[in-house]
Amino acid sequence: MSTENRDHHGREIDEVSGTETTGHEWDGIKELNTPMPRWWLWTFYGTIVFAIIYTILYPAWPLVNSATEGVLGWSSREQLSVAMEAQNDANADRLAAIADRSVEEIAGDEQLRPFAISAGRAAFKVNCVQCHGSGAEGGEGYPNLNDDVWLWGGTLDAIHTTLQHGIRYEQDDDTRISDMPAFGDGILENEDIRDVAWYVRKLSGQESDEEGAERGETIFTDNCAVCHGEQGEGMDDLGAPALNDSIWLYGGSQEEIMAQIRAPKQGVMPAWGNRLGDVTVKQLAVYVHSLGGGE
């Protein structure tokens with residue numbers, strides 16, 4: 001027996017529920033056209049009204065080069081600018097003190113040091129993590145800033161100088177420069193390079209060919225000790241890395257050491273002084289020094 005009938009408009013009505021059907025039918029089952037709850041409809045209408053009012057009051061519709069400004073003239077950029085200006089005003093005294101003091105004085109001040117570290121950490125995340133990593137752990141070709149091994153020294157002043165003027169950065173006249181010769185370019189034969197690599201591995205406590213290392217020691221003394229030290233201890237003044245530890249910037253395998261001797265990779269670090277300003281560079285120096293590896 002059918003449970004549907006039609007009202008005076010000709011619409012099909014389900015007799016059991018009294019609800020209009022949609023006219024869709026599957027295997028004898030007809031779909032009900034149940035109306036949405038009234039609270040849901042009013043909420044939906046309310047969102048439409050809200051959207052219309054919002055687009056009138058605030059920036060909303062994209063144009064070719066901008067967007068509609070809205071009658072209130074509100075701007076998220078302007079709000080951010082006001083908030084930053086207020087924060088800068090609140091920090092003005094401490095920023096002025098940092099500008100007037102040396103990095104050693106900043107690090108020794110119980111009030112300025114935490115502020116400088118916090119600001120330096122923020123600047124590091126924006127400008128330095130791309131090379132040195134989010135935790136300053138470094139990577140191949142990029143120094144780890146958490147340990148106590150430094151190419152150019154790890155004192156506050158040395159770190160500040162490195163940040164200020166960069167490494168091999170041609171746009172700064174005071175940049176720190178140290179170029180390792182390409183010993184494979186007619187200076188040493190390939191066998192000599194191999195023997196030196198064996199000796200360098202021996203210096204760092206790695207497995208080495210004894211006969212090759214013995215020959216390599218003489219070659220090292222004649223060609224490498226002037227920068228890396230007689231015992232491979234390195235020289236901060238020249239940016240020459242220590243070779244008698246287990247820390248390697250470009251790898252410590254026999255092949256990697258030979259490649260670096262033959263045609264050395266020369267890393268470049270930007271000079272941040274002109275980019276970030278003296279105050280931010282000082283804050284960065286204090287932060288990096290605070291990571292635990294500073295001298």
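Criteria and cut-off values
- Residues numbered from 1 in each chain as written.
- Predicted model: local features only at pLDDT ≥ 70, side-chain atom pairs only at ≥ 80, totals over all residues.
- Heavy atoms only, no water.
- UniProt positions renumbered as here; feature names shortened; annotations may be inferred.
- Helix = DSSP H or I, 4+ residues; strand = E, 2+ residues; numbered from the N terminus.
- Rg over C-alpha atoms; globule rule 2.2 N^0.38 Å.
- Buried < 20%, exposed > 50% of the residue type's maximum accessible area, 1.4 Å probe, protein only.
- Core = buried A, V, L, I, M, F, W, Y, C linked by side-chain atoms within 4.5 Å.
- Contact = heavy atoms within 4.5 Å.
- Pairing = 2+ DSSP bridges.
- Lys, Arg positive; Asp, Glu negative; His and termini not counted.
- Salt bridge = Lys/Arg side-chain N within 4 Å of Asp/Glu carboxyl O.
- Phe/Tyr/Trp six-rings, centres within 6.5 Å; stacked < 30°, edge-to-face > 60°.
- Lys NZ or Arg CZ within 6 Å of the ring centre and 35° of its normal.
- Patch = residues over 30% accessible without salt bridge, like charges linked within 9 Å, V, L, I, M, F, W, Y side chains within 5 Å.
- Areas by Shrake-Rupley, 256 points an atom, 1.4 Å probe, with all protein chains shown as cover.

By the naming in an unreviewed UniProt entry, the chain is Cbb3-type cytochrome c oxidase subunit, taken from Notoacmeibacter ruber. According to the UniProt record, the Subunit (unreviewed entry) comment for the chain is "Component of the cbb3-type cytochrome c oxidase at least composed of FixN, FixO, FixQ and FixP." According to UniProt, the comment filed for the chain under the heading Function (unreviewed entry) is "C-type cytochrome. Part of the cbb3-type cytochrome c oxidase complex. FixP subunit is required for transferring electrons from donor cytochrome c via its heme groups to FixO subunit. From there, electrons are shuttled to the catalytic binuclear center of FixN subunit where oxygen reduction takes place. The complex also functions as a proton pump."

(A) Fine view of the overall build of the chain. Across its full length, the chain carries 13 helices and 4 strands. Here the C-alpha radius of gyration of the chain, 35 Å, is well above what a compact globule of 295 residues would show, namely 19 Å. The C-alpha extent of the chain, read off along each of the three principal axes, is 110 × 60 × 40 Å. Split into buried and exposed, the 295 residues of the chain put 32% on the buried side.

(B) Spotlight on the nonpolar core. Phe124, Leu163 and Val288 are the most contacted members of the largest nonpolar core, which totals 28 residues. Every element with two or more residues in this core is listed here: α3 (92-100), α4 (103-108), α5 (112-127), α7 (156-165) and α13 (278-290). Discounting residues that sit within four places of it in the chain, leucine 163 has contacts with Met269, Pro270, Ala271, Trp272, Gly273, Val281, Leu284 and Ala285. Residues Leu188, Phe220, Leu243 and Ile261 belong to the second largest nonpolar core, which totals 17 residues.

(C) Structural context of the pairing of strand β3 (residues 21-26). Sheet analysis places β3 next to strand β4 (residues 29-32), joined by 3 bridges and oriented antiparallel. Bridge assignment links threonine 21 to a residue of β4, and that residue is leucine 32. The hairpin formed by β3 and β4 contains 2 residues between the paired strands, and aspartate 27 there has a positive phi angle of roughly 50°.

(D) The side chain of aspartate 147, seen in detail. Here aspartate 147 is to be found in the loop between α6 (129-132) and α7. Among buried charged residues, aspartate 147 stands out as having no salt bridge; its nearest opposite-charge side chain is arginine 176, 14 Å away.

(E) Broad picture of the UniProt feature "domain: Cytochrome c" (unreviewed entry) in the chain. If you check UniProt for "domain: Cytochrome c" (unreviewed entry), the listed places come out as residues 115-204 and 211-292 in our numbering. With 46% helix and 0% strand, the stretch residues 115-204 has end C-alpha atoms that lie 40 Å from each other. The straight-line gap between the two end C-alpha atoms of residues 211-292 is 40 Å; of that span, 52% is helix and 0% is strand.

(F) Expanded view of the packing of aromatic side chains. Using the criterion set out here, one finds 8 aromatic pairs in the structure. Between phenylalanine 44 and tyrosine 45 the ring centres are 6.1 Å apart and the planes differ by 50°, which places this aromatic pair in the tilted class. Classification of phenylalanine 44 as partly exposed rests on a relative accessible area of 39%. Put simply, the rings of Trp40, Trp42, Phe44 and Tyr45 touch in pairs and so form one group of aromatic residues. Above the face of the tryptophan 272 ring, arginine 275 is positioned so that its terminal group lies 5.2 Å from the ring centre.

(G) Local environment of a nonpolar patch on the surface. Together, Met36, Trp39, Trp40, Trp42, Phe44, Tyr45, Ile48, Ile52, Ile56, Val71, Leu72 and Trp74 give the surface a local cluster of nonpolar side chains, amounting to about 1300 Å² of exposed area. Structurally, the position occupied by tryptophan 42 is in helix α1 (residues 38-57).

(H) Focus on the UniProt feature "binding site: heme c 1" (unreviewed entry) in the chain. Feature annotation in UniProt places "binding site: heme c 1" (unreviewed entry) on Cys128, Cys131, His132 and Met269, given in this structure's numbering. Of the residues just listed, which span 142 residues, no C-alpha pair is farther apart than 10.9 Å, and they cluster in one region. With respect to the helices and strands, the residue cysteine 128 is situated in the loop between α5 and α6. For cysteine 128, the residues in contact, after removing those within four places along its chain, are Ala123, Gly133 and Leu284. Inspection of the secondary structure assignment puts methionine 269 in the loop between α11 (254-262) and α12 (273-276).

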